[in-house]
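Coordinate analysis (summary)
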Amino acid sequence: MNPSAPPARRSSGLSSSLGLAEKLFSSASERRFVAAIDAGLERVEDGLLVEMAFGDDLADVTSRYLLSAGGKRIRPTLALLISQLGDGATDAVVSAAQAVEITHLASLYHDDVMDEATMRRGVPSAQSRWGNSVAILTGDLLFARASTIVADLGEEAIRLQAQTFERLCLGQLHETIGPREGDDPIAHYLDVLSDKTGSLISMAAKVGVMFSGAPREYLGPVSAFGEKIGVAFQLVDDVIDLSPQSEETGKRAGTDLLAGVETLPLMFLRVEAQTDIDSSALLSEIEANVRAATAGGDVSEADLADTVRQLREHDVTRRTHDEARRWADDAVAALAPLPQGPVKKALTRFAERVVERQA
């Protein structure tokens with residue numbers, strides 16, 4: 001085994017993470033707001049390098065492999081941003097943000113094994129480098145390390161971490177098993193996204209309130225925001241999977257589709273195929289090409305690319321993006337009880353950026 005890891009990449013700060021334009025925060029106080037969160041992110045990043053170090057040489061490399069590959073640090077950014085409703089980036093907020101990010105990274109190791117993914121963040125996935133067992137055990141190590149950090153934050157934090165971890169596992173379980181007879185596949189899928197993605201983003205939002213001394217009545221609104229924006233984020237990812245901009249997405253167009261992963265555009269297409277001849281023909285073509293691709297059969301890259309293009313240009317992909325926007329709008333609506341100011345403005349802008357993403 002080659003234990004080498006890619007060089008570490010630093011997080012890019014609030015302005016990059018949330019896509020905040022200069023004109024959005026033009027006053028001196030608002031610029032100080034951005035600077036305070038960027039300073040907090042630096043503390044989080046420095047702490048991650050320390051917290052994710054292991055005495056074992058192999059574990060030390062594998063555990064920091066995806067951290068070194070980069071990432072937007074969206075969850076820590078949200079925790080730090082929301083902490084500005086209280087006393088800002090306290091030591092406890094920074095520790096909680098690190099625990100959330102380590103939990104997220106741990107879940108990626110497991111997800112890539114379950115999905116048989118070959119790439120993550122533009123580099124070979126961990127199991128492609130070291131095999132499934134090493135990837136799974138590395139994820140377990142990171143979950144343990146996150147729990148160690150949370151243990152120092154008190155019983156409420158421990159319970160929140162445990163509840164979130166439970167939802168992550170249930171989401172993966174339900175995704176693996178699929179909808180049961182009589183279940184609505186689309187509702188089942190949205191529930192999976194809420195568990196697998198929304199729960200952890202919701203946790204990040206909550207710790208920003210819990211450990212900053214912010215008013216406790218903000219817990220519900222920011223939790224709902226995180227839950228809903230997590231679903232929106234994943235729905236936009238379903239659209240991005242069909243994007244031809246492979247260099248920017250880090251994978252070829254239609255990776256999920258051609259691996260047999262059920263995404264919302266395909267689910268919408270299944271519904272339309274019941275009454276529309278053209279949609280039925282496209283669905284049959286997709287299913288045939290997916291079978292051929294997963295079985296290593298005789299199907300050309302040109303045929304696969306054309307299949308992806310047809311689905312990308314079909315109305316179901318636009319409907320998926322519209323659904324993502326609806327979830328993002330609901331996330332913003334959940335923020336109504338928060339006071340007007342830079343926090344609410346930044347969260348609203350973040351929701352807009354989620355649905356504007358192209359790659």
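This write-up is about the structure you can find in this document. Each chain carries its own residue numbering, running from 1 in the direction its sequence is written. With the structure being a predicted model, the display of local features is reserved for residues of pLDDT at least 70 and the display and counting of side-chain atom pairs for 80 or more, all residues being used for whole-chain, interface and lining totals. In computing side-chain properties, one takes all heavy atoms of the structure into account and sets aside hydrogens as well as water.

**Considerations on the nonpolar core**
The criterion is simple. A nonpolar core is a set of buried Ala, Val, Leu, Ile, Met, Phe, Trp, Tyr and Cys residues joined through side-chain atoms within 4.5 Å. Buried residues are those whose accessible area, probed at 1.4 Å on protein chains only, stays under 20% of the maximum for their type, while exposed residues exceed 50% and partly exposed ones sit between those limits. Of all hydrophobic cores here, the largest spans 101 residues; its most connected members are Phe225, Ile229, Leu235 and Leu347. In this view, Leu347 contacts Leu78, Leu81, Ile82, Phe225, Leu335 and Leu338; residues no more than four positions away in its chain are not counted. By the convention used here, residues are in contact when the closest approach between their heavy atoms is within 4.5 Å.

**So, the environment of Asp87**
For Asp87, the position within the fold is in the loop between helix 5 (74-83) and helix 6 (91-115). With a relative accessible area of 65%, Asp87 lands in the exposed category. Working definition: helices are DSSP H or I runs of at least four residues, strands are E runs of at least two. Numbering for both runs from the N terminus.

**Comments concerning the side chain of Gln98**
By secondary structure assignment, the location of Gln98 is in helix 6. Classification of Gln98 as buried rests on a relative accessible area of 5%.

**Things to note about the side chain of Glu227**
Inspection of the secondary structure puts Glu227 in helix 11 (residues 219-240). The class of Glu227 is buried, set by a relative accessible area of 16%. Apart from the residues within four sequence positions on either side, Glu227 is in contact with Arg167, Ser194, Gly198, Ser199 and Ser202.

**Brief notes about the packing of aromatic side chains**
The pairing test for Phe, Tyr and Trp rings, Trp by its six-membered ring, is centres within 6.5 Å, and the orientation test on the planes gives stacked under 30 degrees, edge-to-face over 60, and tilted for anything in between. Applying the stated criterion across every chain yields a total of 2 aromatic pairs. With a centroid separation of 4.9 Å and 80° between ring planes, the pair formed by Tyr65 and Trp130 is classed as edge-to-face. With a gap of 65 residues between them, Tyr65 in helix 4 (residues 65-68) and Trp130 in helix 7 (residues 126-130) connect regions that are remote in the sequence. Here Tyr65 falls in the buried class, since its relative accessible area comes to 0%. For the ring pair Phe143 and Phe165, a centre distance of 4.4 Å and an interplane angle of 35° mean the geometry is tilted. Residue Phe143 is found in helix 8 (residues 132-151), and its partner Phe165 is found in helix 9 (residues 155-177); the two are separated by 22 residues along the sequence. Assessed through its relative accessible area of 8%, Phe143 is described here as buried.

**Some points on the packing of helix 17 (residues 315-333) against helix 18 (residues 342-356)**
Here the axes come from fitting lines to C-alpha atoms, over the contacting stretch only for helices, and the angles between their N-to-C directions go from 0 to 180 degrees. Running from N to C, helix 17 and helix 18 point in directions that differ by 175°, and their axes come no closer than 9 Å. Between helix 17 and helix 18, the interaxial angle falls into the category roughly antiparallel. Mapping the contact onto sequence places His321, Ala324, Arg325, Ala328 and Val332 in helix 17 and Thr348, Ala351 and Val355 in helix 18. Partitioning the contact of helix 17 with helix 18 into residue classes produces 5 nonpolar, 2 polar and 1 charged. Each angle gets one of four labels, with under 35 degrees taken as roughly parallel, over 145 as roughly antiparallel, 65 to 115 as roughly perpendicular, and the rest as oblique. Basically, the charged four are Asp, Glu, Lys and Arg, the nonpolar ten are Ala, Val, Leu, Ile, Met, Phe, Trp, Tyr, Cys and Pro, and anything else, Gly included, counts as polar.

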